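Residues per chain, in single letters:
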Amino acid sequence: MGLKYRTYLEGRKVYGCQNCRSHLANSDGLISKQFQGQHGQAYLFRYVVNVSEGPEKEKQMTTGKHTITTVFCCQCDTEVGWRYIKAYEESQKYKEGACILEKALLTTVK
């Protein structure tokens, strides 16, 4: 299997996986804290690191239909959120490529 290469982030605030503390995102990439996930409050990030993704699936959400992938921590394989691949509503296109990380599954690393 080999060693897993991980990216380490800098910035004012670094968010990591609650299970293994692997860096996932920093405050520089934070778009909004006004989202809801399966476990409560969630954050929308422009970019994330140290994640793997599941297969694409279409899902009806409160803001309309989206194509998403589930996002997992690449170190411990914990599900931490999802990535928006496609938004079908014009007003939701800003989410495409962005990633939701659930606050309950995160810890502040720095």
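Residues numbered from 1 in each chain as written. Predicted model: local features only at pLDDT ≥ 70, side-chain atom pairs only at ≥ 80, totals over all residues. Heavy atoms only, no water.

**Remarks on the confidence of the model for the protein**
- With 96% of its residues at a pLDDT of 70 or more, the protein shows a mean pLDDT of 93.
- Across the protein, the secondary-structure element scoring lowest on mean pLDDT is strand β3 (residues 30-37), at 94, and the one scoring highest is strand β8 (residues 99-102), at 98. (pLDDT = per-residue confidence, 0-100. Helix = DSSP H or I, 4+ residues; strand = E, 2+ residues; numbered from the N terminus.)

**Focus: the sheet that holds strand β9 (residues 106-108)**
- Strands sit in the order β2-β1-β9 across an open sheet of three strands; the sheet is antiparallel. Where the open sheet ends on each side, the last strands, each with one partner, are β2 (23-26) and β9. Between one strand axis and the next, the sheet turns by 35° as a mean value, whatever way the strands run.
- Note that strand β1 (residues 14-17) and β2 share three bridges and pair antiparallel. Within the sheet, the bridge partner assigned to V14 lies in β2 and is N26. (Pairing = 2+ DSSP bridges. Axes fitted to C-alpha atoms, helices over the stretch in contact; angles between N-to-C directions.)

**Digging into the pairing of strand β5 (residues 51-61)**
- When β5 meets strand β6 (residues 64-73), the two strands line up antiparallel, connected through nine bridges. Bridge pairing links Q60 to K65 in β6.

**Things to note about the environment of G40**
- Tracing the chain through its elements places G40 in strand β4 (residues 40-45).
- Owing to a relative accessible area of 21%, G40 belongs among the partly exposed residues under this scheme.
- Between the alpha carbons of G40 and A104 there is a distance of 7.1 Å; along the sequence they are 64 residues apart. (Buried < 20%, exposed > 50% of the residue type's maximum accessible area, 1.4 Å probe, protein only.)

**Re the pairing of strand β7 (residues 79-87)**
- Sheet topology note: the β6/β7 ladder contains seven bridges and is antiparallel. Its bridge partner lying in β7, F72 is registered against E79.
- From the end of β6 to the start of β7, which pair antiparallel, there are five residues, and D77 there has a positive phi angle of about 65°.
- The sheet contact formed by β7 and β8 spans three bridges and is antiparallel. Residue pairing across strands places W82 opposite I100, the latter belonging to β8.

**Some words on the sheet that holds β7**
- Taken in spatial order, the six strands make up an open sheet running β3-β4-β8-β7-β6-β5, and their pairing is antiparallel. For this open sheet the edge positions go to β3 and β5, each flanked by a neighbour on one side alone. On average, adjacent strands in this sheet sit at an angle of 30° to one another, irrespective of strand direction.
- As paired elements, β4 and β8 share four bridges and run antiparallel to each other. Bridge pairing links A42 to E102 in β8.

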